[in-house]
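Okay, here's what each chain looks like letter by letter:
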Amino acid sequence: MLHSLALFLVLGLSACGLLSDRTDDQTDWSVNKFYSEAREKLNDGSYAAAIKLYETLESRYPYGRIAQQAQLEIAYAHYKNDEPASAIAAADRFIKLHPNHANVDYAYYIKGLANFNEGWGMLGFLLKGPFKQDMSERDPKASYESFEVFKELVARFPESKYAADSRQRMAYLLNLLAMGEIHTARYYMKRKAYIAAANRAQNAVKEYPPTPATEEALYIMIRAYEALEMYDLRDDAERVMRINFPNSIFLAELPEVGAKAWWEFWKN
């Protein structure tokens, strides 16, 4: 009996030793140890664990180049962990603390990306996947903020390695915002709120003139002004449209054909 008890205690102590070996004591970790462990977690996709290590690093070693890099990588880890609000907050903090840092352009880039994807997460998977919602139908606030961040990045750091991608995203977002106006204008047209429809379409033309949405915006203006019997404005919109989009599907040779195609299109 005593022999069995002794064996149990030995095995128990051995197990505790093994557990202790596997659970690292961070008391004596150097700043480099914290950083390498955090980077390993980050590269493995263990973003929550990486964030915790980066935050501990910063609390124990708040000054120096590695602490600054940890602050920057926290923003990236939050972004990868589908935590856009935290990513934006971390990026803003880095920009405020280190406005002249050599990698501050990356903080702007992460902030832009976080806004770019904000609000999607699992809901985004459903909306972009099984339910196929157009991104232009979502709340435009995040898209607008993302555009402004990328715009600032490109203006301040035109030679940044993130500038080219930022410009492409800006072009995409510009059309996204324009199509958001179109979705709203369509909504008003269906409900015969012609003044509201014309105003939203006109805003798309004025604010986002180089986008593909301009073609449809002009056509909405034509139909809305026609319904309102504002024929001078209708003719002006049609003249602009025929000059800029002479082959538009909305302007078939016979107006009746064009109108039919338009209303059929809206029913979908």
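Before any of the text, the structure's been laid out above.
Everything quoted here is computed from the prediction, not taken from an experiment.

1. What to know about the packing of helix H4 (residues 65-80) against helix H6 (residues 104-117)
Move 1: H6 packs onto H4 with a crossing angle of 15° between their chain directions and a minimal axis gap of 10 Å. In terms of orientation, H4 and H6 fall into the roughly parallel class. Of the two possible hands of crossing, H4 and H6 adopt the one that is left-handed. Contacts between H4 and H6 involve Leu 72, Ala 75, Tyr 76 and Tyr 79 from the former and Tyr 106, Ala 107, Ile 110, Leu 113, Ala 114 and Asn 117 from the latter.
Move 2: When grouped by side-chain class, the residues that make up the contact of H4 with H6 number nine nonpolar, one polar and no charged.

2. As for unusual backbone geometry
Negative phi characterises most residues that are not glycine, and trans characterises most peptide bonds.
Move 1: Despite not being glycine, Lys 192 shows a phi value in the positive range, around 60°.
Move 2: Along the polypeptide, Lys 192 turns up in the loop between helix H9 (163-190) and helix H10 (194-207).
Move 3: The phi dihedral of Glu 229 falls on the positive side, at around 60°, and the residue is not glycine.
Move 4: Along the chain, Glu 229 turns up in the loop between helix H11 (213-227) and helix H12 (231-244).
Move 5: Using a relative accessible area of 58% as the deciding quantity, one classes Glu 229 as exposed.

3. Describing H9
Move 1: An ideal rise of 1.5 Å per residue puts 40 Å on 28 residues; H9 measures up with 41 Å between its terminal C-alpha atoms.
Move 2: A positive backbone phi angle near 60° is found at Lys 192, which sits one or two residues after H9.

4. Focus on the side chain of Glu 181
Move 1: By the element assignment, Glu 181 lies in helix H9.
Move 2: On the accessibility criterion, Glu 181 (10% relative accessible area) is buried.
Move 3: There is a polar contact of 2.6 Å between the side chain of Glu 181 and the side chain of Arg 200.
Move 4: When sequence neighbours within four positions are dropped, the list of residues in contact with Glu 181 reads Arg 200, Asn 203, Ala 204 and Tyr 208.

5. Things to note about the packing of aromatic side chains
Move 1: Applying the stated rule across the entire model yields ten aromatic pairs.
Move 2: Taking the centre distance of 4.9 Å and the plane angle of 65° together, the rings of Trp 29 and Phe 34 count as edge-to-face. Considered together, Trp 29 and Phe 34 belong to a single accessibility category, that of buried residues.
Move 3: Members of the aromatic cluster, connected to one another through ring pairs, are Tyr 106, Tyr 109, Phe 150 and Tyr 162.
Move 4: Directly above the aromatic system of Trp 29 lies the positively charged group of Lys 33, at a separation of 5.2 Å from the ring centroid.
Move 5: One residue, Arg 169, lies across the ring of Phe 116, its end atom 4.8 Å from the ring centre.

6. With respect to the pattern of salt bridges
Move 1: Under the criterion given, the structure shown has 14 salt bridges.
Move 2: When the shortest N-O distance is used, the salt bridge between Lys 111 and Asp 92 registers 2.7 Å. Taken together, the positions of Lys 111 in helix H6 and Asp 92 in helix H5 (residues 84-97) put the pair 19 residues apart, joining distant regions of the chain.
Move 3: Relative accessible area serves as the criterion here: at 18%, Lys 111 is assigned to the buried category.
Move 4: Between Arg 200 and Glu 181 there is a salt bridge, with the nearest N and O atoms lying 2.6 Å from each other. Of the two residues, Arg 200 sits in helix H10 while Glu 181 sits in helix H9, which places them 19 residues apart along the sequence.
Move 5: By relative accessible area, Arg 200 is classed as partly exposed at 29%.
Move 6: The network of salt bridges with shared partners includes Arg 223, Glu 226, Arg 234, Asp 235, Glu 238 and Arg 242.

Cut-offs used in this document
Residues numbered from 1 in each chain as written. Predicted model: local features only at pLDDT ≥ 70, side-chain atom pairs only at ≥ 80, totals over all residues. Heavy atoms only, no water. Axes fitted to C-alpha atoms, helices over the stretch in contact; angles between N-to-C directions. Helix = DSSP H or I, 4+ residues; strand = E, 2+ residues; numbered from the N terminus. Parallel < 35°, antiparallel > 145°, perpendicular 65-115°, else oblique. Left-handed = near helix turned anticlockwise from the far one by under 90°. Contact = heavy atoms within 4.5 Å. Nonpolar A, V, L, I, M, F, W, Y, C, P; charged D, E, K, R; others polar. Buried < 20%, exposed > 50% of the residue type's maximum accessible area, 1.4 Å probe, protein only. Expected span 1.5 Å × (residues − 1). Polar contact = N/O pair within 3.5 Å; in protein donor to acceptor, adjacent residues only side chain to side chain. Phe/Tyr/Trp six-rings, centres within 6.5 Å; stacked < 30°, edge-to-face > 60°. Lys NZ or Arg CZ within 6 Å of the ring centre and 35° of its normal. Salt bridge = Lys/Arg side-chain N within 4 Å of Asp/Glu carboxyl O.

All we've got here are geometric facts, nothing functional implied.
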